[in-house]
Amino acid sequence: LADRHLEEGGLVLYDLSSSYFEGLTCPLAKLGYSRDGKKGMLQVNYGLLTDARGCPVAVSVYEGNVADSQTFLLWMAVRNRGYLPRSLSEALPWGPG
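Conventions used here
Residues numbered from 1 in each chain as written. Predicted model: local features only at pLDDT ≥ 70, side-chain atom pairs only at ≥ 80, totals over all residues. Heavy atoms only, no water. Buried < 20%, exposed > 50% of the residue type's maximum accessible area, 1.4 Å probe, protein only. Helix = DSSP H or I, 4+ residues; strand = E, 2+ residues; numbered from the N terminus. Pairing = 2+ DSSP bridges. Salt bridge = Lys/Arg side-chain N within 4 Å of Asp/Glu carboxyl O. pLDDT = per-residue confidence, 0-100. Contact = heavy atoms within 4.5 Å. Patch = residues over 30% accessible without salt bridge, like charges linked within 9 Å, V, L, I, M, F, W, Y side chains within 5 Å. Areas by Shrake-Rupley, 256 points an atom, 1.4 Å probe, with all protein chains shown as cover.

Looking now at the pairing of strand S2 (residues 42-51). Across the ten residues that make up S2, a large majority, seven, are buried. With seven bridges connecting them, S2 and strand S3 (residues 56-63) associate as antiparallel partners. When the bridges of S3 are listed, Tyr-46 appears paired with Val-61.

Next up on the list: the pattern of salt bridges. Here the structure, examined in full by the defined rule, presents one salt bridge. Salt-bridge contacts for Arg-53 lead to Asp-51; the nearest nitrogen and oxygen are separated by 2.7 Å. On the basis of relative accessible area, Arg-53 is assigned to the exposed category, the value being 63%. Asp-51 gets classed as buried once you look at its relative accessible area, which sits at 4%.

Moving on: the confidence of the model for the chain. Looking at the chain as a whole, the pLDDT averages 76, with 71% of positions reaching at least 70. The least confident element of the chain, judged by mean pLDDT, is helix H3 (residues 88-91) at 49; the most confident is S2 at 88. Confidence drops under a pLDDT of 50 for residues 89-97, and excluding neighbours within four residues, the segment shows 18 contacts in the predicted structure.

A few words on a nonpolar patch on the surface. Residues Tyr-46, Leu-48, Val-59 and Val-61 make up a contiguous nonpolar surface patch of roughly 340 Å² in combined accessible area. Only S2 and S3 provide two or more residues apiece to the nonpolar patch. Here Val-59 lies in strand S3.

Structure representation (structure tokens):
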């Protein structure tokens, strides 16, 4: 989807969110910063990358204890492997990589 909907030099939007988890078997569910206000609950984090219109082009899922800044580093690794346009780094908040 990223290849189809992202344009070179175009605006890219990213949002990170979390959901609390009530089960016991998800290896991604960890204690972390709760955006839901559910302190003491396991959670899973997920990031959404969209084009300038807000059309989703990629989603990523992270352990619940992964810091926001770490998810940005993971997106840079994806971009550096050629899965996202190189110009993406200039639109994301951490700048050229």
